[in-house]
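Single-letter residue listing:
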Amino acid sequence: MPRPFTPKVVAANALIEGDAVWLTADDDWTRDITKAELVEDEAHAALRMLFADSQADKVVGPYLADARPGPTGPAPAHFREAYRVSGPSVLAAPKEHEL
Amino acid sequence: MYDYNDFDRDFVARRVAQFRAQVARRIDGSLTEEEFRPLRLMNGLYLQLHAYMLRVAIPYGTLNSAQMRQLAMIAERWDRGYGHFTTRQNIQFNWPRLVDVPDILDALAEVGLHAIQTSGNTIRNVTADPFAGAAADEIADPRPVAELIRQWSTDHPEFQFLPRKFKIAVTGSPADRAVTAAHDIGLRIIERDGARHYQVLIGGGLGRAPMIGKVLHEALPEADLLPYLEAVVGTWNLLGRRDNKYKARIKITVHEQGIDRIRTLVQEEFERIRPDFPGFDRQILAQIEHHFAPPRFARKSVVAYEAARAADPVFRAWADTNLTEHRDPDHAIVTVSLKKHGAIPGDATAAQMRLLADLAKAHGHDELRITQSQNVVLPHVHKADLPAIHAVLRGAGLATANIGLASDIIACPGLDYCALATARSIPVAQGIARAIEALKIEHEVGALEIKISGCINACGHHHVGHIGILGLERGGVETYQVTLGGDAGPDAALGDRTGPGFAYDQIVPAIERLILAYLDLRAHAEERFVDAYRRLGADPFKAALYGAAEKADAA
Ligand code: HEM
Ligand code: SF4
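Below, the discussion takes up the site of ligand 2. Every residue near ligand 2 is listed here: Cys412(B), Pro413(B), Gly414(B), Cys418(B), Leu420(B), Ala421(B), Ser453(B), Gly454(B), Cys455(B), Asn457(B), Ala458(B) and Cys459(B). For the shell around ligand 2, the class distribution of residues is eight nonpolar, four polar and no charged.

Now the structure itself:
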C-alpha cells in the first residue's frame, strides 16, 4: 500500500537574495511560510512542483517540504524547515536589504 | 609574502569578468540553474539554507593587513558585518546577494584574493602550518612549496574535472599543525642526509568513511615533488570511482586498491612523466622562495614584557596560553582567539578584522594567518610589543586566554547555515564553552581539543578531536554522537564512538560530566585528556557519559 500523503509546502530560495521562500496559492513566492499554500494531495503537489520548476527566473532549487496546518497558516513539520523559517538560531545581523 | 604577477592578475580579472557575464545571463533567464550551478561553484558560490555563501581562498592561510581590511570592507558593504574563518584557512561570507558577487570578486582581486577552486571537483586551496616561517620547531617554511602547488594546480587543464574534490596540506614542522593526515595528500618536510625531502601521505580524509593518510613515500627528494604529485593525481584521476561520489575520494581508491599497488602505479607514472619536468618548476620555486624571506627582526629590549608578566596575572595567563615559541628568541607567535566564551567559533566582525589588520601593520611585519582551529595569528611579534597588543585585544573582546583549551572548539556552520546539515553545531560549541567558563576549570583541565560537525561530512573534523561531536537526525530530532581519543597531530588517530547519542539539551551536560570525570581519572596534572583516555581505555569515560551507577544497579 502506498504511504499516505502528508501535507507539504513548496519551498525554495529566492534567486537574487537566496532568502527562504514558499509558493502561495496565487502563484507568488512569500517569505512568510504562513502565507504559503498547504498542498494536501499528491497529484496537486506534482502540479505545483511543475509550476515551481518553471520559475527559474525567481527561485532556485524548489522542493516539497513537510508542513502541517498551524493556527495562522502552514507551519514547518521538521526542524530543518523550522530553521529555514526562523533563520540562524545564533546571533546574526539582519541582511542589509531588510533594514 | 607572495605577490601576484601580471599573469595571475590577468587570469583572476578574466575569471571575474566571465562570472559577471554568467550571473547576468542567469538573472535574465538565458542560463538555467542546472547550467549555472557548476559555474557558480567554480567561483566559490554556494547556496545555503537562508542565503548564498561565498567561500574565499586564503592561500596557506596567509594574509597581509590590506587583504584583511578588504575582507572587513566586504563584510560591511555586501554582507552582515562579519565573516566566518574555517578549518581550511578560508573565509566564508554568509549573506551575499547574487547580483553583488561579481563586485565582491572584483574587490577581492584588488588585493590579490579570489574564490577560484574553493569548491567543485578540483584541487582546493592548499593549506599549511599557520606558524610557517615563524615557529621555532620548523625544519623549513612550507609556504613556498604550498605556493608552487597553488600555481601548478590552479586552472590545471587535466585537473578541472577530477573524480571528486582534492585537498593538499603541507607542514614544515614535526608538530604538524596542518592536519596533513586528514588530507588527500599530506606533505611533511623532513631532513634526510642533510637535504630536504618530503614524507608523502595520501588517502587521508574524514567525512563518510574516515581514514588516516598512509605513507606513500617515506622520503621524496625535493626536486621530484611536482612530477610526483602530478603522478599521484593523474593515477587517481584514472582509477577514481566516478560511478559513485561516495567512493570517489582518493582515500577509497587507496582502500580498494591497497597502498602498495598505488605506490607501484604512481612510481610508473612518475617515471613516465619525469622527463617533462626538466627543472622549470625548480626555477619557479627558487623565485617564490624570495617572496618568503624572513622579515628583518627588530632588536630591542624585552624588559617591558618581563615586567608585564610579573605585574599582571591576566597578561601572564594570556601569554602562557596564546603564545608559541618563535624562531627568534626575542619574538613570539601570537594566536588571537576567536573563541571568547559563548562566541561563534571562527566568526569575526569587520571591526575585529580591522583591528587585527592594524596590529599586524603596527607590530607584526604586516602578516596575519588563519589557523586550522579557526583563530587568527600574528606570526612575528617582538616580545616588547606584547603588552600593548594584549591591551588592544582586550578592548575588542579578542584577548581570551584559551588557545588549545576546552573552549577553543572547532565547529562547522551546521544547521544554522548549511543546507547539508542534519543538526546544529554552533550552539553546542557555545554551550560547552559557557559551561566550562562557569565551572572555572579550563586552565586546570589543560590541553583538550573538542571538534563538532553538523553532519557526516565532518567539516568540523570531529573524528580527530580528543572529544568529537557529530550532530545527526534521529527520529525527527537533533541527536549528538560522541567520539573519544581522536588526534589531529603528527600521530593522527580517529576517535572511537562511545555509544548512543545525546539529545540537544543533553549533550552539553554530558560533555561537562566527561571533563569532570577526566579530572578525577588523570594520573597527574600534566596528563592530557587524550593521554588519560589512551591509558585507561573507554570504560571509565563511558561511565561518566552514560552513568556507571545505573548500569551497575541494573546488573
Ligand atoms: C556551509 C557550507 C559547506 C558545505 C556545503 C560543505 C560541504 C562539504 C562536503 C560535502 C564535504 C564532504 C566531502 C567528501 O566527503 O567527499 C566536506 C568536507 C569538508 N569540509 Fe565542508 N562544507 C561546508 C562548510 C565547511 C566549513 C565552514 C568548513 C571549515 C570549518 C569546512 C571544512 C571541510 C573539511 C575540512 C572537509 C574535509 C573532511 C574530509 O576530510 O573529508 N567545510 N564539506
Ligand atoms: S559538516 Fe555538514 S553541516 Fe557541517 S558544514 Fe559540513 S556539510 Fe555543513
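After presenting the structure, the write-up continues.
Residues and elements named next belong to chain B. The domains assigned to chain B are domain 1 (6-110), domain 2 (142-290), domain 3 (303-395) and domain 4 (410-554). The distance between the C-alpha centroids of domain 2 and domain 4 comes to 32 Å. Facing 12 residues of domain 2, the contacting portion of domain 4 comprises 12 residues. Of the roughly 1000 Å² buried where domain 2 meets domain 4, counting both sides, 72% is carbon and sulfur surface. The three residues of domain 2 that bury the most area against domain 4 are Val179, Leu206 and Ile212, which together make up 43% of that side's buried surface. Put simply, domain 2 and domain 4 have zero salt bridges between them. Linking domain 2 with domain 4 are two residue pairs in polar contact (both at pLDDT 80 or more). Across the side of domain 2 that touches domain 4, the residue classes tally to eight nonpolar, one polar and three charged.

This part takes up the interface of chain A and chain B. The partner chain B presents 35 residues to the 28 residues of chain A that form the contact. Buried surface at the junction of chain A and chain B, both sides included, amounts to about 2400 Å², of which 58% is carbon and sulfur. It is Ile16(A), Phe79(A) and Tyr83(A) that lose the most area in chain A upon contact with chain B, and together they represent 24% of the buried surface on that side. Connecting chain A to chain B are zero salt bridges. Where chain A meets chain B, there are 12 residue pairs in polar contact (both at pLDDT 80 or more). Put simply, the parts of the chain that give the side of chain A that touches chain B at least two residues each are β1 (8-14), β4 (59-70) and α2 (79-86) of chain A. Examining the composition of the side of chain A that touches chain B, we find that four residues originate from one element, α2(A), more than from any other. Of the residues belonging to the side of chain A that touches chain B, the class tally is 15 nonpolar, six polar and seven charged.

Take helix α3 (residues 65-78) of chain B next. Residue and element names in this part refer to chain B. Over its 14 residues, α3 runs 20 Å from end to end, which matches the ideal 20 Å to within 8%, given 1.5 Å per residue. All of the buried residues along α3 are Ser65, Gln67, Met68, Gln70, Leu71, Ala72, Ile74, Ala75 and Trp78. Looking at where α3 begins, the residue whose side-chain oxygen comes 3.2 Å from the main-chain nitrogen of Ala66 is Asn64.

So, on to the coordination of the iron atom of ligand 1. Donation to the iron atom of ligand 1 from the protein comes from one atom only, Cys459(B) (SG), at 2.2 Å. Topologically, Cys459(B) is positioned in the loop between β17 (450-453) and β18 (467-474).

So, about unusual backbone geometry. One non-glycine residue, Asp27(A), lies in the positive phi region at around 65°. For Asp27(A), the location among the structural elements is in the loop between β2 (20-23) and β3 (29-30). Since its relative accessible area comes to 37%, Asp27(A) is described here as partly exposed. A positive phi angle is found at His365(B), which is not glycine, with a value near 55°. With respect to the helices and strands, the residue His365(B) is situated in the loop between α12 (350-363) and β14 (367-370).

Right, let's talk about the site of ligand 1 for a bit. All names here are of chain B. Inspection of the region around ligand 1 gives 24 residues, with Gln48, Lys165, Lys167, Leu206 and Cys459 positioned closest. Between ligand 1 and Arg164, the relevant distance is 3.4 Å, taken from an oxygen atom to a side-chain nitrogen or oxygen of the residue. Take Arg249: an N or O atom from its side chain is 3.0 Å from an oxygen atom of ligand 1. A class-by-class count of the residues in the shell around ligand 1 yields nine nonpolar, nine polar and six charged.

We now examine the sheet that holds β4(A). All names here are of chain A. Strand order in the open sheet formed by five strands is β3-β2-β1-β4-β5, with antiparallel pairing between adjacent strands. The outermost strands of the open sheet, each flanked by one partner alone, are β3 and β5 (73-76). With six bridges joining them, β1 and β4 adopt antiparallel strand pairing. Residue pairing in the sheet places Asn13 in a bridge with Val60 of β4.

Here the focus is the confidence of the model for chain B. Residue and element names in this part refer to chain B. Residues of chain B with pLDDT of at least 70 account for 98%, and the chain-wide mean is 93. The low-confidence segment residues 549-555 (pLDDT under 50) makes one contact with residues lying over four places distant or belonging to another chain. Both confidence scores are given for the complex: pTM 0.93, ipTM 0.91.

In this section: the sheet that holds strand β11 (residues 323-325) of chain B. Residues and elements named next belong to chain B. Pairing is antiparallel in the open sheet, where five strands are placed in the order β3-β14-β15-β12-β11. At either margin of the open sheet sits one strand with a lone partner, and together these are β3 (62-64) and β11. Direction aside, neighbouring strands of the sheet carry axes that sit 30° apart on average. Lying on the sheet, helix α11 (residues 313-322) is in contact with β11 and β12 (331-336); it crosses β11 at an angle near 50°. Lying over the sheet, helix α13 (residues 386-395) contacts β11, β12 and β15 (376-382), oriented at roughly 150° with respect to β15.

With that settled, consider the packing of helix α16 (residues 504-521) of chain B against helix α18 (residues 539-546) of chain B. Residues and elements named next belong to chain B. At their nearest, the axes of α16 and α18 sit 8 Å apart, and the two run at 140° to each other. Classified by the angle between their axes, α16 and α18 sit oblique to one another. By crossing handedness, the relation of α16 to α18 is classed as right-handed. Together, Ala510, Arg513, Leu514, Ala517, Tyr518 and Leu521 of α16 and Pro540, Phe541, Ala544 and Leu545 of α18 make up the contact between the two elements. Considering only residue class, the contact of α16 with α18 consists of nine nonpolar, no polar and one charged.

Here we come to the nonpolar core. Residues and elements named next belong to chain B. Grouped together as the largest cluster of nonpolar side chains are 63 residues, with contacts concentrated most on Met68 and Leu71. Two domains each provide a minimum of three residues to this core, namely domain 1 (6-110) and domain 3 (303-395). Within the second largest apolar cluster, 43 residues are counted, among which are Ala140, Leu148, Ile202 and Trp236.

This part takes up the packing of helix α7 (residues 250-257) of chain B against helix α8 (residues 259-273) of chain B. Residue and element names in this part refer to chain B. Direction vectors running N to C along α7 and α8 enclose 105°, while the axes themselves pass 6 Å from each other. The pairing of α7 with α8 is recorded here as roughly perpendicular in orientation. Touching Thr253, Val254 and Gln257 of α7 are Ile259, Arg261 and Ile262, all from α8. A class-by-class count of the residues in the contact of α7 with α8 yields three nonpolar, two polar and one charged.

Another aspect to go through is the environment of Leu71(B). Looking at the element boundaries, Leu71(B) is found in helix α3. Once residues within four sequence positions are removed from consideration, Leu71(B) is found in contact with Ile58(B), Leu63(B), Ile91(B), Phe93(B), Leu108(B), Leu113(B) and Met353(B).

Below, the discussion takes up the side chain of Asn64(B). Residue placement: Asn64(B) occurs in strand β3. Within the local environment of Asn64(B), its side chain forms a polar contact with the backbone nitrogen of Ala66(B), the two atoms lying 3.2 Å apart.

Thresholds, definitions, all that
- Residues numbered from 1 in each chain as written.
- Chains lettered and ligands numbered in written order.
- Predicted model: local features only at pLDDT ≥ 70, side-chain atom pairs only at ≥ 80, totals over all residues.
- Heavy atoms only, no water.
- Near = heavy atom within 4 Å.
- Nonpolar A, V, L, I, M, F, W, Y, C, P; charged D, E, K, R; others polar.
- Domains from an automatic or database assignment.
- Contact = heavy atoms within 4.5 Å.
- Buried area = accessible area lost by both parts, 1.4 Å probe.
- Salt bridge = Lys/Arg side-chain N within 4 Å of Asp/Glu carboxyl O.
- Polar contact = N/O pair within 3.5 Å; in protein donor to acceptor, adjacent residues only side chain to side chain.
- Helix = DSSP H or I, 4+ residues; strand = E, 2+ residues; numbered from the N terminus.
- Expected span 1.5 Å × (residues − 1).
- Buried < 20%, exposed > 50% of the residue type's maximum accessible area, 1.4 Å probe, protein only.
- Donors = N, O, S within 2.8 Å, 3.2 Å for Na, K, Ca; no water.
- Pairing = 2+ DSSP bridges.
- pLDDT = per-residue confidence, 0-100.
- Axes fitted to C-alpha atoms, helices over the stretch in contact; angles between N-to-C directions.
- Parallel < 35°, antiparallel > 145°, perpendicular 65-115°, else oblique.
- Left-handed = near helix turned anticlockwise from the far one by under 90°.
- Core = buried A, V, L, I, M, F, W, Y, C linked by side-chain atoms within 4.5 Å.

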